[in-house]
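# A closer look at the structure
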Amino acid sequence: MLEMLNDPTFYKKIKLNPINKIVKSINKITTKALGTGIINKKEFEYLNKSEGKMSCIYGLPKVHKNQEDPPYRPIVSTIGTPLEAVSKYLDNILRPYIPLSPSYIKDTGDIIKKVENLQFNPQKDILVTLDIESLYSNIPQIGAIETTLWFIEEYQIPCCSNFIRECLTLVLTENCFEFGEQLFLQTKGVSMGASMAPSIANIYMIAFETKNIFNEMAPFFESVSHWYRYIDDIFFVWTNGEQTLREFLLWLNEADVNLKFTAHTNKDRVEFLDIFIKNGDGRLQVDLFTKPTARNTMLHFKSFHPKCQKDSIPFSQFLRVRRNCTELRDYDLQSENMKIKFLQRGYPRRLIREAYKRARFYDRDALLNSNRTKNAPSLVCITKHSTIDGSIRQIINSNWHLLNLNNTQQKIPKPMYAHRRNKNLKDQIVRSRFSKTAENPPFVQRSFQNNNPVKGTSSCGSCKSCNNILLGETMTLNNVEIKAKDLWTCNTQNVVYLITCPCHLGYVGETGKAIKTRLTEHRSAIKTKKLSAPLVSHFMDFGHSSEEMKWRILEKIKLPNNTGGEQIRKKRELYWIFTLDTYKQGLNSECPWSNAII
């Protein structure tokens with residue numbers, strides 16, 4: 001990843017944190033738009049709803065290209081950043097018009113409907129698929145802005161182009177992020193983590209196709225038939241022989257210096273998305289395609305998931321095979337491989353056999369033309385998966401009539417039940433953003449060194465405060481050494497704590513709650529700019545974000561007979577304020593001397 005970031009073509013290192021500048025720019029642009037009536041007050045508040053968090057970058061390995069040394073797909077996480085709302089706002093404006101492009105395909109089912117049963121002459125026609133190398137990273141930022149403005153005019157999108165230009169410029173050219181302890185700015189390309197990135201990539205390709213493919217003046221216009229594209233994957237039929245196809249591919253790679261195409265050609269069949277498109281006696285047919293590097297990742301039947309969910313997986317997968325196979329003989333052949341995969345994952349033979357038979361005789365036209373846009377129920381009961389899901393549903397249904405006893409006008413329909421999963425092991429240990437201190441563990445480690453337990457504040461592994469802990473047994477503030485006497489976590493209660501800002505100023509507080517709860521209150525006050533709360537004024541004046549708030553526990557209060565906890569904590573709070581001098585050289589706005597005589 002670091003090797004990729006050191007490429008000056010796409011990234012450059014920056015020294016100063018630009019978040020405060022970005023927040024001010026968004027406010028300036030949106031204030032002007034609000035005053036001229038381009039946006040309303042609700043949109044203004046949404047666009048300025050910022051947590052002031054810096055983006056971070058991580059890489060997803062492309063194991064389908066190389067399992068031993070896979071290249072990385074760079075993802076910049078913009079969740080909680082000032083540009084997140086702006087990016088979503090732009091995407092909501094542009095995305096509804098993307099399907100109007102003649103090359104647009106929505107998904108596998110869409111391409112099947114468009115190409116299946118098309119006439120194909122194997123004597124002169126050639127099946128071709130194209131893959132664009134690193135499309136997102138190679139889109140020029142200025143070019144993306146210009147093509148988006150062209151797209152708005154071409155498709156007559158009702159919006160203010162000047163306001164869109166300003167927002168686009170901000171999102172594309174101010175895409176900064178952190179990796180470890182270094183800050184970077186993306187100088188070329190569109191960040192794949194941005195909400196509007198797929199729309200911008202589509203628009204750039206629509207402009208390219210309008211000029212070079214669907215233009216009657218283009219040199220190879222007559223030879224290209226049935227050109228369809230899914231973002232950076234393209235399928236088309238070439239109708240003018242192999243020699244002119246080679247000339248076309250050379251010309252295509254020179255048409256735009258930012259786009260490099262890799263072609264796969266064949267007269268019998270080609271791979272596209274998760275299907276083969278092939279010649280079937282003069283008409284195009286489809287068959288299921290599985291990448292050679294694909295692994296058997298079916299949910300294991302012994303996993304602790306609801307039984308109804310596990311029972312439905314074989315049928316849904318066999319339906320997918322049925323949809324992706326024109327001929328029943330292809331379905332039968334592909335189903336044999338699917339049966340083996342399910343047996344390897346512990347599924348009963350009876351369940352597999354029944355799912356196979358149901359899918360085989362399912363109406364395939366209904367699969368390809370299913371309309372999923374149904375009216376949502378008025379009430380949805382959402383719970384986490386558990387062993388008592390059925391009991392909860394039964395209790396609600398059996399007593400639902402009680403809600404309609406006094407409702408004489410209209411009956412309240414029973415709710416639909418939905419589930420969201422609990423946190424799994426991946427959610428707990430995988431992070432897109434790592435602590436800048438390498439020694440910060442994702443969970444409490446009660447390790448021993450020289451027969452002495454490690455002391456200090458450690459992570460609980462399950463809250464937002466974990467990454468901001470000031471680690472270590474000792475630290476120094478205002479020339480005073482602070483030494484921990486025990487091991488504490490984010491869940492520890494009845495404590496006196498220390499918070500520091502990027503200016504290395506300290507704030508001492510106390511709480512009887514779990515420390516992570518109190519820290520959440522501090523972060524919320526900073527985000528909502530609640531001036532009556534501590535720390536807020538300083539963080540606003542100096543442009544600090546709530547994520548830059550570091551903390552550690554100074555002392556856990558031992559309560560005699562569980563009485564007088566607040567009084568004792570306030571006395572110890574005063575002691576630490578005086579000891580660390582956070583009143584004169586810190587962020588404590590006042591020194592509560594009255595607590596000394598409580």
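Residues numbered from 1 in each chain as written. Predicted model: local features only at pLDDT ≥ 70, side-chain atom pairs only at ≥ 80, totals over all residues. Heavy atoms only, no water.

## Some details on the overall build of the protein chain
Along the backbone of the protein chain there are 19 helices and 23 strands. Overall, the protein chain is about 100 × 70 × 60 Å in size when its C-alpha atoms are taken along their principal axes. For the protein chain, with 598 residues in total, the buried portion stands at 43%. Within the protein chain, counting contacts between residues at least 6 apart in sequence, those at least 24 apart form 68% of the total. Carbon and sulfur atoms form 50% of the exposed surface of the protein chain, whose accessible area is close to 33800 Å². Across the protein chain, the mean location of the 83 positive side-chain charges is 9 Å away from that of the 60 negative side-chain charges. (Helix = DSSP H or I, 4+ residues; strand = E, 2+ residues; numbered from the N terminus. Buried < 20%, exposed > 50% of the residue type's maximum accessible area, 1.4 Å probe, protein only. Contact = heavy atoms within 4.5 Å. Areas by Shrake-Rupley, 256 points an atom, 1.4 Å probe, with all protein chains shown as cover. Lys, Arg positive; Asp, Glu negative; His and termini not counted. Charge placed at Lys NZ, Arg CZ, Asp CG, Glu CD.)

## Overview of unusual backbone geometry
At Lys529, a position not held by glycine, the phi torsion is positive, near 55 degrees. With respect to the helices, strands and loops of the structure, Lys529 is situated in the loop between helix H17 (515-527) and helix H18 (536-541). Under the relative-accessibility criterion, Lys529 is labelled exposed at 52%. A positive phi angle is found at Asp581, which is not glycine, with a value near 55 degrees.

## Observations concerning the sheet that holds strand S2 (residues 55-61)
Pairing within the open sheet is mixed, and its five strands lie in the order S1-S6-S5-S2-S3. Edge positions in the open sheet fall to strand S1 (11-14) and strand S3 (72-77), since each of these has one partner strand only. The mean angle between the axes of side-by-side strands here comes to 40 degrees, regardless of whether they run parallel or antiparallel. Pairing of S2 with strand S5 (residues 176-179), which is carried by two bridges, proceeds in the parallel orientation. Residue pairing for S5: Ser55 is matched across the bridge by Phe177. (Pairing = 2+ DSSP bridges. Axes fitted to C-alpha atoms, helices over the stretch in contact; angles between N-to-C directions.)

## Considering helix H19 (residues 565-580)
In an α-helix, one turn spans 3.6 residues; hence positions three or four apart end up facing the same way. For H19, with 16 residues, the first-to-last C-alpha span of 22 Å sits near the 22 Å given by 1.5 Å per residue. Check the buried side of H19 and you find it contacts strand S18 (474-477), strand S19 (480-483), strand S21 (495-500), strand S22 (506-511) and strand S23 (550-556). (Expected span 1.5 Å × (residues − 1).)

## A few points about the packing of helix H11 (residues 307-323) against helix H12 (residues 328-344)
At their nearest, the axes of H11 and H12 sit 9 Å apart, and the two run at 150 degrees to each other. One finds that H11 runs roughly antiparallel with respect to H12. The interaxial crossing formed by H11 with H12 has right-handed handedness. Of H12, the residues touching H11 (which contributes Ile313, Pro314, Gln317, Phe318, Val321 and Arg322) are Leu328, Tyr331, Gln334, Ser335, Met338, Lys339 and Phe342. Of the residues belonging to the contact of H11 with H12, the class tally is eight nonpolar, three polar and two charged. (Parallel < 35°, antiparallel > 145°, perpendicular 65-115°, else oblique. Left-handed = near helix turned anticlockwise from the far one by under 90°. Nonpolar A, V, L, I, M, F, W, Y, C, P; charged D, E, K, R; others polar.)

## Points about the sheet that holds strand S9 (residues 261-266)
Ordered by their spatial adjacency, four strands build an open sheet running S7-S8-S4-S9, and the pairing between neighbours is antiparallel. Looking at strand neighbours, the two that pair on one side only are strand S7 (224-230) and S9, the edges of this open sheet. Averaged over all adjacent pairs, the angle separating strand axes in this sheet is 20 degrees, with direction ignored. Alignment of strand S4 (residues 126-132) against S9, held across six bridges, turns out to be antiparallel. Across the sheet, the residue bridging to Leu127 is Asn266, located in S9. Along the sheet, helix H9 (residues 197-212) makes contact with S4, S7, strand S8 (233-238) and S9, crossing S7 at roughly 170 degrees.

## A short note on the pairing of strand S12 (residues 284-288)
Most of S12 sits inside the fold, with five of its five residues counted as buried. Residues Leu284, Val286 and Leu288 line one face of S12 and the alternating positions Gln285 and Asp287 line the opposite face, and both faces are buried. Count of turn residues in the strand S11 (residues 275-279)/S12 antiparallel hairpin: four residues, of which Asp281 carries a positive phi of about 55 degrees.

## Looking at the pattern of salt bridges
This structure, assessed with the given rule, holds 18 salt bridges. Among the salt bridges present, the one from Arg329 reaches Glu327, with a minimum N-O distance of 3.7 Å. Each of Glu510, Arg569 and Lys570 takes part in a single network of salt bridges with overlapping partners. (Salt bridge = Lys/Arg side-chain N within 4 Å of Asp/Glu carboxyl O.)

## As for the environment of Val286
Topologically, Val286 is positioned in strand S12. Each C-alpha atom, one on Val286 and one on Ser134, is 27 Å from the other, the two residues being 152 residues apart in sequence. Contact partners of Val286, with chain neighbours within four places excluded, come to Ile112, Val115, Glu116, Ile275, Phe276, Ile277, Lys278, Asn324, Cys325, Thr326, Asp330 and Arg364.

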